[in-house]
Each structure stands twice: as C-alpha cells, then as structure tokens.
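Here are the chains, one letter per residue:
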Amino acid sequence: MQTELKKEHENWDFSARQHSQLNWYAETDAPPGVPVIDLSILRGAEGAGERQRALDALREAVTKSGFFYVKNYGITDKEIEAISNATRGFFGHPEDYKQAFDRHEQVRGYTGYRLESTARFFGTGQGKDLCMKYTMGPELSPEEVRERITSEEDIASNAYSPNIFPDAGFRDAWVNYYERIHRTSLDLLEAMGEALNLSPESRSVLSEMLIEKSCGELRFFQYPDVPLNACADVPGNGTDRMAAHFDMDVITLLYQTPCENGFISLEALIGDEFVKIPAIRGTLVVNLGEVLRLLMGNFIKATIHRVVRPPQRYHLGSARDVLVFFQAPPLNARLRPLLLEPGVGSDTIFDQLYREAGGIGYVTFSQLRARLFGEFIRHMEVSDAKHESDAHLFSKQ
Ligand SMILES: O=C(O)CCC(=O)C(=O)O
Ligand SMILES: [Fe+2]
C-alpha cells in the first residue's frame with residue numbers, strides 16, 4: 001500500500017514507532033524562560049508547598065515567555081503511539097485513497113502535504129506548510145451543536161463540522177486522545193486562574209470556558225525530511241516549514257517528536273529572539289493563544305512561533321510529528337473581561353466588543369471569533385500561487 005509514495009519520496013517513512021526509542025532531548029535542555037512544570041504537582045500530588053512553587057513558575061511563564069512545558073500530564077506513551085501510528089499508517093496510503101477522507105475546507109479529516117499555508121493566512125512570509133495533516137473537532141450530538149450555533153458565521157466557522165475517520169480503530173485512538181488532552185487543557189486553565197490570582201468573579205468567567213465542551217481542534221502533522229534542495233541554507237530558499245504565527249485559541253498543548261538527527265525545528269519568539277524549543281521526553285509544549293491574551297487584557301503572552309527548515313547538513317533525519325490540541329470555548333460561551341490586579345490590562349478588540357455589547361453584559365465567543373478571523377481573511381486575498389513558487393523543490397526527494 002505504501003510503495004507509491006515511498007517511490008516518489010524516498011525518505012518518507014510511515015512506519016509505526018515506539019516513542020521510547022526516539023532521540024529525545026532531556027529536561028535540562030529546556031531553554032531559559034521556558035520551565036518544565038509538573039502537572040501532577042499542580043494536581044496536588046506533593047502537597048501545598050510544592051504546588052505553590054509550581055503555580056509561581058506557571059505565573060512567571062505565562063506572563064513572560066508565554067511558553068512552558070508540562071510533564072506528568074497522565075497520557076501514556078501507549079495512547080500517544082495509538083493515535084500517532086494509526087495516522088502515520090493512514091498517510092502511507094496512496095493519495096486517491098486518502099482523498100476520500102479530505103474535508104480540509106471544513107478543517108476536518110485529511111489535508112495533503114503542502115496544501116495549507118500558515119504564511120498565507122497570517123500574511124507572514126511565503127510558502128506552504130511542509131507537512132500533511134489530519135484534524136478532528138469535538139464529537140457533539142446534533143442537539144449540542146444546535147445549542148452552540150447562533151449565527152450564519154457560526155456555521156461558516158466549521159467549529160462543529162462533523163468528523164471523519166477512516167476506520168473504527170483510528171477513531172477510537174483519536175477520540176481517546178482528544179478527551180484526555182481536552183481534560184489536561186482544562187486543568188491547566190484552572191491552575192492558571194489560580195496562579196494569576198484572578199478574582200472569584202473572573203475565576204467563574206474562566207470556568208464558563210472550562211465546564212462546557214470546547215470547540216477545540218486536534219490535529220496531527222507529519223513533517224517528512226526536508227529535501228536537500230529545499231533546505232534553509234540554499235540561497236534563494238524560504239526558511240519556514242510553517243510560517244510565524246500566534247495561535248487563535250485559548251491554550252495550545254503540543255506533543256512533538258524529536259528529529260532523529262537532533263535538529264530543532266520549533267522556535268518561539270521570546271523577547272526579540274527566536275528561541276529553539278526542543279522535544280523533551282515526557283513533555284507537552286504549552287503556549288497561550290490570542291483569545292486568552294485578549295480576555296486578559298494583554299497580561300499573558302500569545303507568543304509568536306514558527307517551524308523552521310534545517311540547513312542542508314541536517315536534511316536527513318529532520319522528519320518530525322506533531323500532535324497539537326487547540327483549546328477554544330464553545331461558540332455560545334458568554335465572555336466577560338477577566339479582572340486582573342489593579343493597573344493591569346489594556347484596550348483590546350475584546351474590550352471594544354464588550355463596550356459595544358452595552359447592557360447585554362457579555363460577548364459570545366462566536367462574536368469574538370468572527371472579529372478575530374475577519375482580521376486575517378484579507379491575507380487570503382493574496383493568490384495561493386504566490387505560495388507555490390517553490391513547489392518544484394518538494395515534488396521528489
Ligand atoms: O509544528 C509545530 O511544532 C507547530 C505547529 C503550530 O504552531 C500550529 O499548528 O499552530
Ligand atoms: Fe501554532
């Protein structure tokens with residue numbers, strides 16, 4: 001089944017892998033300002049003193065770098081391997097088989113290699129995302145979807161488009177991981193409310209986002225080895241595998257595998273420098289999204305990040321997989337400003353929407369989302385062809 005693609009792209013590997021065997025970085029490799037926070041301690045495993053220290057580290061991270069790692073988050077290698085290996089196996093099928101599961105216009109199912117362009121959406125740089133993708137959203141009953149949809153824009157948002165899976169085993173692995181990672185995101189948000197000393201009123205606004213099922217998306221990206229001719233140090237080439245952007249969600253939980261050759265592809269803009277974020281064994285990379293930054297009046301950081309191509313000497317063994325969960329509130333969530341310490345906060349798009357809402361006293365996530373995405377649609381007016389000018393570098397390896 002896998003020979004067709006393997007012939008075209010000799011270095012593409014879709015085999016199942018045991019994650020304990022990968023070439024991981026260690027906890028001591030975490031860059032300065034990006035701490036490794038133990039979720040079991042935040043959940044109370046080692047008493048109040050240790051818990052307070054973890055909360056302090058969390059507060060520091062979310063207000064300064066906007067990036068941190070979590071360990072001991074309670075999802076096993078077996079669960080991660082189940083979703084990863086099922087999806088790698090799927091990607092190994094011939095293109096016409098995979099096309100039957102392509103709903104990329106609804107941000108569901110299969111999205112082919114170099115089909116999406118983060119550069120195009122954000123207006124940052126040029127080129128396509130150098131990976132193939134698979135996506136699921138929340139599994140909701142028709143009634144639950146009806147409750148949450150309040151406008152035409154909600155339907156167009158595709159937040160509740162139906163999921164599509166190639167088979168039952170694949171679905172089980174995806175639904176299991178979705179539920180587990182969603183729970184983890186809620187625990188982290190709860191801890192963050194505490195770490196930031198939010199007022200009881202604000203904690204209850206936060207939990208409004210927490211208690212209902214989110215409209216978050218779970219995506220798997222497989223980035224194959226970057227072809228030699230497409231590497232970052234070949235004159236005239238772009239340098240991105242996924243262009244610089246911030247996430248349009250509340251919180252992002254990302255599991256990345258290390259490149260076999262030690263290259264580090266993910267980078268976060270901390271201060272005015274892009275800092276390498278290595279794949280550390282047993283951790284998730286967590287960053288905060290634009291929605292949370294707006295709700296918190298700029299108090300926390302929605303840090304810009306990107307995925308870069310290796311130089312030529314690192315092209316072999318530069319493949320990496322990413323399993324990323326974007327947590328977002330339900331579209332009908334009633335958002336209100338989060339009250340921070342006196343003197344903190346600024347005039348954001350959210351504050352403006354809230355003022356416009358007047359006596360209603362809330363802004364729905366649907367309204368905020370429409371305004372936010374509206375900001376970016378204009379970049380999509382730039383022709384797709386502009387981002388295809390280097391397509392010839394990727395057709396064969
Ligand atoms: O591939 C990665 O490591 C980053 C993915 C990412 O930032 C995103 O999908 O928003
Ligand atoms: Fe991102």
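None of these values were measured; they are calculated from a predicted model.

What counts and what doesn't
- Residues numbered from 1 in each chain as written.
- Chains lettered and ligands numbered in written order.
- Predicted model: local features only at pLDDT ≥ 70, side-chain atom pairs only at ≥ 80, totals over all residues.
- Heavy atoms only, no water.
- Pairing = 2+ DSSP bridges.
- Helix = DSSP H or I, 4+ residues; strand = E, 2+ residues; numbered from the N terminus.
- Axes fitted to C-alpha atoms, helices over the stretch in contact; angles between N-to-C directions.
- Contact = heavy atoms within 4.5 Å.
- Donors = N, O, S within 2.8 Å, 3.2 Å for Na, K, Ca; no water.
- Buried < 20%, exposed > 50% of the residue type's maximum accessible area, 1.4 Å probe, protein only.
- Salt bridge = Lys/Arg side-chain N within 4 Å of Asp/Glu carboxyl O.
- Expected span 1.5 Å × (residues − 1).
- UniProt positions renumbered as here; feature names shortened; annotations may be inferred.
- Near = heavy atom within 4 Å.
- Polar contact = N/O pair within 3.5 Å; in protein donor to acceptor, adjacent residues only side chain to side chain.
- Areas by Shrake-Rupley, 256 points an atom, 1.4 Å probe, with all protein chains shown as cover.
- Parallel < 35°, antiparallel > 145°, perpendicular 65-115°, else oblique.
- Nonpolar A, V, L, I, M, F, W, Y, C, P; charged D, E, K, R; others polar.
- Phe/Tyr/Trp six-rings, centres within 6.5 Å; stacked < 30°, edge-to-face > 60°.
- Lys NZ or Arg CZ within 6 Å of the ring centre and 35° of its normal.

1. So, the sheet that holds strand β12 (residues 305-308)
Then, number 1: Read across the open sheet, the four strands follow the order β7-β12-β9-β10; overall the sheet is antiparallel. A strand with exactly one partner marks an edge of an open sheet, and here the two such strands are β7 (240-245) and β10 (273-276). Across the sheet, the axes of successive neighbouring strands diverge by a mean angle of 30°, strand direction being ignored.

2. With respect to the sheet that holds strand β2 (residues 67-71)
Then, number 1: Read across the sheet, nine strands follow the order β1-β2-β11-β8-β13-β6-β5-β4-β3 without closing on themselves; strand pairing throughout is mixed. A single partner strand is all that each edge strand has here, and the edge strands are β1 (36-38) and β3 (102-103).
Then, number 2: Summarising the sheet, strand β4 (residues 108-111) and strand β5 (residues 132-136) pair through three bridges and their orientation is antiparallel. Along β5, the bridge assignment pairs Y110 with Y134.
Then, number 3: Across the sheet, helix α4 (residues 77-91) is in contact with β4, β5, β6 (217-223), β8 (251-256) and β13 (320-327); its angle to β6 comes to roughly 60°.

3. Overview of unusual backbone geometry
Then, number 1: One non-glycine residue with positive phi stands out, namely R114, at about 55°.
Then, number 2: Inspection of the secondary structure assignment puts R114 in the loop between β4 and α6 (118-122).
Then, number 3: The phi angle at N298 is positive, at roughly 75°, despite the residue not being glycine.
Then, number 4: Note on placement: N298 falls in the loop between α11 (290-295) and β12.

4. A short note on the coordination of the iron ion (ligand 2)
Then, number 1: The iron ion (ligand 2) binds to the protein through H245 (NE2), D247 (OD) and H305 (NE2); the donor distances cover 2.1 to 2.2 Å.
Then, number 2: Mapping the donors of the iron ion (ligand 2) onto the primary sequence yields the spacing H-x1-D-x57-H.
Then, number 3: With relative accessibility at 4%, the residue D247 sits in the buried group.

5. Some points on the pattern of salt bridges
Then, number 1: The final tally for this structure, using the stated rule, is 30 salt bridges.
Then, number 2: R183 serves as the salt-bridge partner of D187, at 3.0 Å between the closest nitrogen and oxygen. In this pair, D187 and R183 both sit in helix α9 (residues 168-195), four residues apart, roughly one turn of the helix.
Then, number 3: The class of D187 is buried, set by a relative accessible area of 17%.

6. Notes on helix α3 (residues 47-64)
Note: α-helices contain 3.6 residues per turn, so residues at a spacing of three or four share the same orientation.
Then, number 1: Counted at 1.5 Å a residue, the expected span for α3 with its 18 residues is 26 Å, and the 26 Å between its end C-alpha atoms agrees.
Then, number 2: Within the span of α3, buried status applies to A54, L55, L58, A61, V62 and T63.
Then, number 3: One or two steps after α3, the chain reaches G66, where phi turns positive at roughly 75°.

7. Thoughts on the UniProt feature "domain: Fe2OG dioxygenase" (unreviewed entry) in the protein
Then, number 1: This chain's UniProt record puts "domain: Fe2OG dioxygenase" (unreviewed entry) on residues 213-329.
Then, number 2: Secondary structure across residues 213-329 divides into 5% helix and 39% strand, with the first and last C-alpha atoms of the span separated by 7 Å.

8. Description of the site of ligand 1
Then, number 1: Looking at ligand 1, the residues that line it are F221, Y223, M242, H245, D247, L254, L266, H305, V307, R320, V322 and F326.
Then, number 2: Within the side chain of Y223, a nitrogen or oxygen atom sits 2.5 Å from an oxygen atom of ligand 1.
Then, number 3: Taken by itself ligand 1 offers 300 Å² of open surface, and the protein chains cover 95% of this.
Then, number 4: Taken together, the elements giving at least two residues each to the shell around ligand 1 come down to β6, β7, β12 and β13.

9. Section: the packing of α3 against α9
Helix packing geometry: the angle between the two helix axes and the distance between the axes.
Then, number 1: Running from N to C, α3 and α9 cross one another at 90°; their axes reach a closest spacing of 9 Å. On the basis of their axis angle, the class for α3 and α9 is roughly perpendicular. Here α3 contributes R51, L55, L58, R59 and V62 to the contact with α9, which in turn contributes A191, M192, E194 and A195.
Then, number 2: In terms of residue class, the contact of α3 with α9 is built from six nonpolar, no polar and three charged.

10. Topic: the packing of aromatic side chains
Then, number 1: One pass over the structure, following the stated rule, counts 23 aromatic pairs.
Then, number 2: Aromatic side chains F90 and F101 sit 5.7 Å apart centroid to centroid with 80° between the ring planes, which places their arrangement in the edge-to-face category. Taken together, the positions of F90 in helix α4 and F101 in the loop between α5 (95-99) and β3 put the pair 11 residues apart, joining distant regions of the chain.
Then, number 3: Look at F90 and you get buried, because its relative accessible area is 3%.
Then, number 4: Relative accessible area serves as the criterion here: at 13%, F101 is assigned to the buried category.
Then, number 5: By way of ring pairs, the aromatic residues F90, F91, Y97, F101, Y110, Y134, F165, F170, W174 and F220 are connected into one cluster.
Then, number 6: Between the NZ or CZ atom of R306 and the centre of the ring of F274, over which it lies, the distance is 3.6 Å.
Then, number 7: Seen from the ring of Y223, R320 lies directly overhead, with NZ or CZ sitting 4.9 Å from the centre.

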